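An overview of the molecular structure
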Amino acid sequence: MSRHHIARHFCSAFFVAGSLAACSGAVEKAVDSTTLAAASAGGGACTPLETREANANEQAPAMAGQTRACGVTAGVQFDVTVVAKGLEFPWAVEPLPGGDLLVTEKPGRLRVVSATGTIGEPISGLPKIFVKGQGGLLDVALSPSFDTDNTIFWSYSEPRANGNGTAIARGVLSADRKRLSEVKTIFRVVPSYDGDKHFGSRIAFGPDGMLYASFGERSDDPMRKYAQMKDSHLGKIIRIQPDGTVPSDNPLVNESNAKPEIWSIGHRNPQALAFDASGALWGIEHGTNGGDELNFIEKGKNYGWAEVAYGEEYSGRALPTVTAREGTEQPVYYWDPVIAPSGAQWYSGDAFPAWKGNLFVGGMKDKLLVRLVVENNKVTGEEHLLSDRKQRVRDVRQGPDGALYLVTDQKDGELWRLSPKK
Ligand SMILES: [Ca+2]
Ligand SMILES: [Ca+2]
């Protein structure tokens with residue numbers, strides 16, 4: 001039975017049981033009138049958005065609604081404004097108060113792009129950056145008290161004597177937003193490694209005022225085991241104070257030989273971290289070929305990699321893994337085929353009321369923006385937007401105006417604003 005059929009089978013089964021939201025999400029607005037008719041009639045009919053064959057055809061999801069969600073549309077009309085062009089592999093966009101935007105470029109530049117699209121000169125004061133492959137200047141985030149401290153945080157791959165590693169630095173942005181001062185690297189992933197893949201990373205501040213950040217496991221076979229090793233930051237999500245010190249209530253602070261910054265383990269290459277309206281943390285990671293994951297991140301939990309995973313090697317080889325194991329967390333949702341997820345944003349603005357509470361995820365492989373409808377920690381609908389533009393979406397953030405801002409991953413990268421259609 002193909003994955004497609006399994007998903008449909010689950011929906012039908014749960015319709016019979018008459019309960020689960022995983023199928024009723026289709027009623028939000030089904031893709032076509034046939035499905036809509038079935039859904040509004042109370043039927044469990046659900047047309048998954050994904051209809052291509054799965055890479056790991058023999059695998060079955062652990063629960064209903066875990067993959068191939070119903071295709072939905074909120075019917076939202078929006079304009080896409082190309083705010084700026086000519087950004088070189090922009091990696092992150094971070095809206096500033098007042099409408100301007102901070103943008104990182106992977107080759108190692110941080111710039112302000114004005115609300116009207118003027119691209120500023122590179123901001124001075126960044127530390128040395130290792131630029132190769134997936135390495136470079138990565139995420140940027142504002143301090144929760146940016147209005148008063150003008151402080152920003154960024155992640156980057158750091159050149160080291162014995163290779164390189166992801167690091168997080170902070171600095172104070174000058175009033176004219178042209179230079180950084182008081183620059184300090186507050187966190188360094190260990191061990192270092194001489195490679196150019198799976199650095200992560202994303203920075204997100206929690207409602208607790210703590211800095212959460214995600215890191216990849218460096219991809220190569222000998223490195224994958226580190227995702228399960230508590231004496232390493234590879235393949236982990238960490239939680240630190242904004243000054244880099246360790247909060248006393250982190251899960252491993254009392255475990256000898258464990259890195260006290262660790263919040264969760266068993267991640268492959270997580271490039272999205274986002275808090276929802278309730279203050280819960282979600283992570284999205286690049287999986288194997290057929291194993292991109294959306295995870296609900298909880299303190300001290302193990303998300304499986306490199307022992308538990310969906311999908312297969314990109315070479316087509318089977319993975320030496322299982323899809324489920326006691327003591328590891330299942331993804332809330334996974335994609336097979338993959339979307340190659342980048343940044344993510346829980347939408348909370350007033351500009352698009354119909355999108356409130358939805359999760360937006362950048363997709364690089366198929367060059368689109370994913371919208372997920374999530375109810376009770378289940379994905380109940382999926383929509384793909386912007387696929388007509390054929391650009392790899394590298395990050396998505398909500399601005400103070402409620403618009404969504406995106407950057408695209410290419411040599412001549414663009415910054416887009418999605419705003420309500422005029
Ligand atoms: Ca960011
Ligand atoms: Ca996992």
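Predicted, not measured: the structure shown is a model, and the values here were computed from it.

Okay, the overall build of the protein next. When helices and strands are counted, the protein shows five helices and 23 strands. A burial count over the protein gives 51% of its 422 residues as buried. Expressed as a percentage of contacts within the protein between residues at least 6 apart in sequence, the contacts between residues at least 24 apart total 59%.

On to the environment of Thr185, then. Its location among the elements puts Thr185 in strand 8 (residues 180-188). In this structure the C-alpha to C-alpha distance between Thr185 and Asp243, which are 58 residues apart in sequence, comes to 9.6 Å. Not counting residues up to four positions away in its chain, the partners in contact with Thr185 are Pro127, Ala167 and Ala169.

The next point concerns the confidence of the model for the protein. For the protein, per-residue confidence averages 91 on the pLDDT scale, and residues scoring 70 or more make up 89% of the total. For the stretch residues 1-43, pLDDT sits under 50, and the model shows 81 contacts to residues farther than four places along the chain or on other chains.

That bond from Gly200 to Ser201 is cis: its omega, 5°, falls within 30 degrees of zero. Its place among the elements puts Ser201 in the loop between strand 8 and strand 9 (202-205). Even without a glycine there, the phi angle at His198 is positive, about 55°. Here His198 shows up in the loop between strand 8 and strand 9. For His198, a count of 29 C-beta atoms within 10 Å gives the class buried. A positive phi is found at Lys390, a non-glycine position, where the angle reads about 55°.

In this section: the sheet that holds strand 2 (residues 90-95). Strand order in the open sheet formed by three strands is 2-3-4, with antiparallel pairing between adjacent strands. Unpaired on one side and paired on the other, strand 2 and strand 4 (109-113) mark the two borders of the sheet. Taken over all neighbouring pairs, the strand axes of this sheet differ in orientation by 20° on average, direction set aside. Judged from the five bridges that link them, strand 2 and strand 3 (residues 101-105) form a sheet pairing that is antiparallel. Residue Glu94 lies in a different strand from strand 3, and its bridge partner there is Leu102.

This part is about the sheet that holds strand 16 (residues 333-335). Two strands in a sheet stick together by hydrogen bonds in their backbones, pointing the same way (parallel) or opposite ways (antiparallel). Ordered in space as 13-14-15-16, the four strands form an open sheet in which the pairing is antiparallel. A single partner strand is all that each edge strand has here, and the edge strands are strand 13 (269-275) and strand 16. Within the sheet, the average angular offset between the axes of one strand and its neighbour, ignoring direction, is 20°. Relative to strand 16, strand 15 (residues 292-297) is paired through three bridges, and the arrangement is antiparallel. Note that in strand 16 the partner of Glu293 across the bridge is Tyr334.

Quick look at the nonpolar core now. Counting residues in hydrophobic clusters, the biggest one holds 101 residues, and the most contacted among them are Tyr212, Phe360, Leu369, Leu406 and Leu415. Among the elements that line this core, the one with the most residues is strand 19 (residues 368-375), at six residues.

What follows covers the environment of Val113. Here Val113 lies in strand 4. Using a count of 22 C-beta atoms within 10 Å as the deciding quantity, one classes Val113 as buried. In this structure the C-alpha to C-alpha distance between Val113 and Leu87, which are 26 residues apart in sequence, comes to 9.9 Å. If near-sequence neighbours (up to four positions away) are discounted, Val113 is found in contact with Val83, Ala84, Asp100, Leu101, Val103, Thr118, Ile119, Gly120 and Leu415.

With that settled, consider the pairing of strand 14 (residues 281-286). Counting buried residues along strand 14, six of its six residues qualify, which places the element largely inside the surrounding structure. Where burial is concerned, the two faces of strand 14 agree: the one with Leu281, Gly283 and Glu285 and the one with Trp282, Ile284 and His286 are both buried.

With that out of the way, let us pick up the environment of Trp263. Along the polypeptide, Trp263 turns up in strand 12 (residues 262-265). For Trp263, a count of 25 C-beta atoms within 10 Å puts it in the buried group. It is 6.4 Å that separates the C-alpha atoms of Trp263 and Pro251, two residues lying twelve residues apart in sequence. Aside from chain neighbours lying at most four places away, what touches Trp263 is Tyr212, Ile237, Ile238, Arg239, Asn250, Pro251 and Lys299.

What counts, and at which threshold
Residues numbered from 1 in each chain as written. Chains lettered and ligands numbered in written order. Predicted model: local features only at pLDDT ≥ 70, side-chain atom pairs only at ≥ 80, totals over all residues. Helix = DSSP H or I, 4+ residues; strand = E, 2+ residues; numbered from the N terminus. Buried ≥ 20, exposed ≤ 12 C-beta atoms within 10 Å, placed from the backbone. Contact = placed C-beta atoms within 7 Å. pLDDT = per-residue confidence, 0-100. Pairing = 2+ DSSP bridges. Axes fitted to C-alpha atoms, helices over the stretch in contact; angles between N-to-C directions. Core = buried A, V, L, I, M, F, W, Y, C linked by C-beta atoms within 7 Å.

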